[in-house]
Amino acid sequence: MPSRVTVTIARAQNLPIMDKKRKTTDAYVEIELPGPDDTTIREETQVRVGDLNPEWGERFVFEEVDDSILQDQTILFTVKDDNKLQQDKIIGGIRIDLNCLLMHGNVQAARKKQTQVCGEIVDKIEGWFQIYDSLRGMVGELLLSVEVVLLEDQMKF
């Protein structure tokens, strides 16, 4: 079933210092969503220079995403430090499994969090998510929301 995924990256807090000389970070977020035929759809926020608590308020809409692909994969949010002279450094990441948003049909418990308008089922998760680095552990938090709209067939018989 086709779906529309909307991601909003609001802000981050308590990011680690990545530039030791300036004691700051030039942060941005890269979003990776699974696409058809083992492809990956990538988007990224603007770079916020010199801020350990950056604010983005950016919204990304991914149209016509197959919900069967979303059931098998996760959305990856990678927080990175922009570096002009070298490769960008990875601060940490967040993986979100969307199966909780894709439960529809006979599951009444999942329907309580959903709204249905004009043949569309909408569900959303939002909040602060811990940014994780495999070497350093938790390295800050990211405020984001992910909304999935399941586009149902409006011409049912």
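All values derive from a computational prediction rather than experimental measurement.

### Side note on the environment of Y28
Right, so step 1: Mapped onto the elements, Y28 comes out in strand β2 (residues 27-34).
Right, so step 2: Overall, Y28 belongs to the buried group, its relative accessible area being 5%.
Right, so step 3: Expressed as a C-alpha distance, the spacing of Y28 and E44, which sit 16 residues apart in the sequence, is 7.0 Å.
Right, so step 4: One polar contact links Y28 to D88, side chain to side chain, over a distance of 2.6 Å.

### Let's talk about the pattern of salt bridges
Right, so step 1: Applying the stated criterion across every chain, the model contains 7 salt bridges.
Right, so step 2: A salt bridge links D19 to R22, with the nearest nitrogen and oxygen atoms 2.7 Å apart.
Right, so step 3: According to the relative accessible area criterion, D19 is partly exposed, its value standing at 23%.
Right, so step 4: For R22, a relative accessible area of 42% puts it in the partly exposed group.

### Describing the confidence of the model for the protein chain
Right, so step 1: Mean pLDDT over the protein chain stands at 84; residues scoring 70 or higher make up 82%.
Right, so step 2: Helix α3 (residues 108-111) is the least confidently modelled element of the protein chain, averaging 40 in pLDDT, while strand β5 (residues 74-81) averages 96, the highest of any element.
Right, so step 3: Predicted confidence for residues 105-113 stays below pLDDT 50, and this span has 7 contacts to residues more than four positions away or in other chains.

Reading the values: rules and limits
- Residues numbered from 1 in each chain as written.
- Predicted model: local features only at pLDDT ≥ 70, side-chain atom pairs only at ≥ 80, totals over all residues.
- Heavy atoms only, no water.
- Helix = DSSP H or I, 4+ residues; strand = E, 2+ residues; numbered from the N terminus.
- Buried < 20%, exposed > 50% of the residue type's maximum accessible area, 1.4 Å probe, protein only.
- Polar contact = N/O pair within 3.5 Å; in protein donor to acceptor, adjacent residues only side chain to side chain.
- Salt bridge = Lys/Arg side-chain N within 4 Å of Asp/Glu carboxyl O.
- pLDDT = per-residue confidence, 0-100.
- Contact = heavy atoms within 4.5 Å.

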